[in-house]
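Here are the chains, one letter per residue:
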Amino acid sequence: MSNEPKIIVIGASGIVGNELISILLEHGIAPERICATASASSAGKATHVGGTAFTLQLTDQSLFNDRDLVFQCATNAAALEWAPIAIQHGATVIDCSSAYRMDPEVPLVIPSVNLDAIANHTLIASPNCTTIVLLTAIHRLTQELDVGSIQCATYQALSGAGREGLDALERESAGESPSSNSIFPEPCAFNVFCHESTVDSETGFNGEESKVIQEVHKITSTNFDVIPTCMRVPVKRVHTEAITITLKSETTQTHVLNCLEQTLNVVVLNEEGHFPTAIKATSGDTVLVGHVRVTNRAVSLVACGDQIRIGAALNAFRIAEAIEHNALADCTSVTD
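Criteria and thresholds
- Residues numbered from 1 in each chain as written.
- Predicted model: local features only at pLDDT ≥ 70, side-chain atom pairs only at ≥ 80, totals over all residues.
- Heavy atoms only, no water.
- Phe/Tyr/Trp six-rings, centres within 6.5 Å; stacked < 30°, edge-to-face > 60°.
- Helix = DSSP H or I, 4+ residues; strand = E, 2+ residues; numbered from the N terminus.
- Buried < 20%, exposed > 50% of the residue type's maximum accessible area, 1.4 Å probe, protein only.
- Axes fitted to C-alpha atoms, helices over the stretch in contact; angles between N-to-C directions.
- Parallel < 35°, antiparallel > 145°, perpendicular 65-115°, else oblique.
- Left-handed = near helix turned anticlockwise from the far one by under 90°.
- Contact = heavy atoms within 4.5 Å.
- Pairing = 2+ DSSP bridges.
- Core = buried A, V, L, I, M, F, W, Y, C linked by side-chain atoms within 4.5 Å.

Enquirer: Can you help me understand the packing of aromatic side chains in this one?
Expert: The description of an aromatic ring pair uses the distance of the two centres, along with the angle that the planes make with each other. Taken as a whole and assessed by the stated rule, the structure comprises two aromatic pairs. On the numbers, 6.2 Å between centres and 50° between planes, the contact of Phe 64 with Trp 82 is tilted. Residue Phe 64 is found in the loop between strand 5 (57-58) and strand 6 (69-72), and its partner Trp 82 is found in helix 2 (residues 76-88); the two are separated by 18 residues along the sequence. Taken individually, Phe 64 and Trp 82 each receive the classification buried, so the pair is uniform in this respect. Judged by centre distance (5.6 Å) and plane angle (65°), the ring pair of Phe 184 and Phe 193 falls under edge-to-face. Like Phe 184, the residue Phe 193 is buried in the burial classification.

Okay, structure coming up:
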């Protein structure tokens, strides 16, 4: 990435914002290039990432300048407020909220899946973490096989609900009763329950499931059936997904494994005793795939991905890398 633009992380005190700053530091971005911002309730406080303290600045339009790169890691409301202002001041915005995901004018991007969609856009949306893990795992399969439908049962970490989710797990695991104002409708420690998003009375899908359906169709430009069942499990981080792809024609175990081995950002763990787990995938930069089964016209597998990292912050960073690469390529083509 270039050393010139300032990098602004809106919502830097949150789980995804913290992870994004950590990734920037890991990739050699100097701390002084990173502007960590927050709302009025957190401005002036410090957030510590990798041994470096960042003083949170109040998000304000005076921060944005031409060629700045803005990672929006806060709420939908913050995205709707600040993305247009940042773009008006010449910045490029990568939004990790759901505010713009289904906007037909805004590309929804997983770089290993639909990188071409970012071209000539100054606002790019990063998908829901569940969608990122799903499509990263099966992208090559959807290209190589004649897909009829996708069914996916997810076992989602509580940190997907933010710090409140982690706090609830810590308290309840220590023996406290669930809080009356808990973010979850059910006890979260030692329990498995339906995702807390609102259920659509007409379709029966909860909000998380509806997001996955809509986002898969937008990203892949397909209309095959997508049937997710999204559950919460008492895990701190990493979403696990049991995926079954129904095919219109037969395939083989060998072909499926070859496709998975060639899929970008996927590591196959498919030998006996070496299957994907949440612990193995924690803080990882890849989606772990295994327990692969092929029967007649169906492929079933398990995928594990750290939803905070590859499912959010790292996906946003990879979008930024792609934007930077394209910009440098454009400059090269002009000067040659």
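The discussion continues.
Enquirer: Looking at this structure, I do not really get the packing of helix 4 (residues 129-144) against helix 7 (residues 253-261). What am I missing?
Expert: What describes two packed helices is the angle between their axes and the distance between those same axes. Interhelical geometry of helix 4 versus helix 7 gives an angle of 125° and a closest axis separation of 8 Å. The pairing of helix 4 with helix 7 is recorded here as oblique in orientation. Seen along the crossing, helix 4 lies across helix 7 with a hand that is right-handed. Along the contact surface, helix 4 presents Ala 137, Arg 140, Leu 141 and Glu 144, while helix 7 presents His 255, Val 256, Cys 259 and Leu 260.

Enquirer: Looking at this structure, how should I read the pairing of strand 7 (residues 92-95)?
Expert: Regular strands have side chains that alternate between both faces of the sheet. The alternating pattern of strand 7 places Thr 92 and Ile 94 and Val 93 and Asp 95 on opposite faces, both of which are buried. Direction of pairing for strand 6 relative to strand 7: parallel, over a ladder of four bridges. Bridged to Gln 72 within strand 7 is Asp 95. With three bridges connecting them, strand 7 and strand 8 (residues 123-125) associate as parallel partners. Directly across from Asp 95, in strand 8, lies its bridge partner Ala 125.

Enquirer: I'm lost on the nonpolar core in this one. Help?
Expert: Ranked by size, the top nonpolar core spans 83 residues in total, and within it Phe 71, Ile 243 and Leu 301 carry the most contacts. Per-element accounting of this core gives the leading share, eight residues, to helix 9 (residues 309-335). Among residues more than four places away in sequence, those in contact with Ile 243 are Leu 134, Ala 137, Ile 138, Ile 150, Gln 151, Cys 152, Val 299, Ser 300, Leu 301 and Ala 303.

Enquirer: I keep staring at the pairing of strand 1 (residues 7-10) and nothing clicks. Help me out?
Expert: The two faces of strand 1 match: Ile 7 and Val 9 on one face and Ile 8 and Ile 10 on the other face are all buried. Pairing geometry for strand 1 and strand 6, over four bridges, is parallel. Within strand 6, the position partnered with Ile 7 by the bridge is Leu 69. In the sheet, strand 1 pairs with strand 2 (residues 34-38) via four bridges, with the strands oriented parallel. In the sheet register, Ile 7 faces strand 2, and the bridge partner there is Ile 34.

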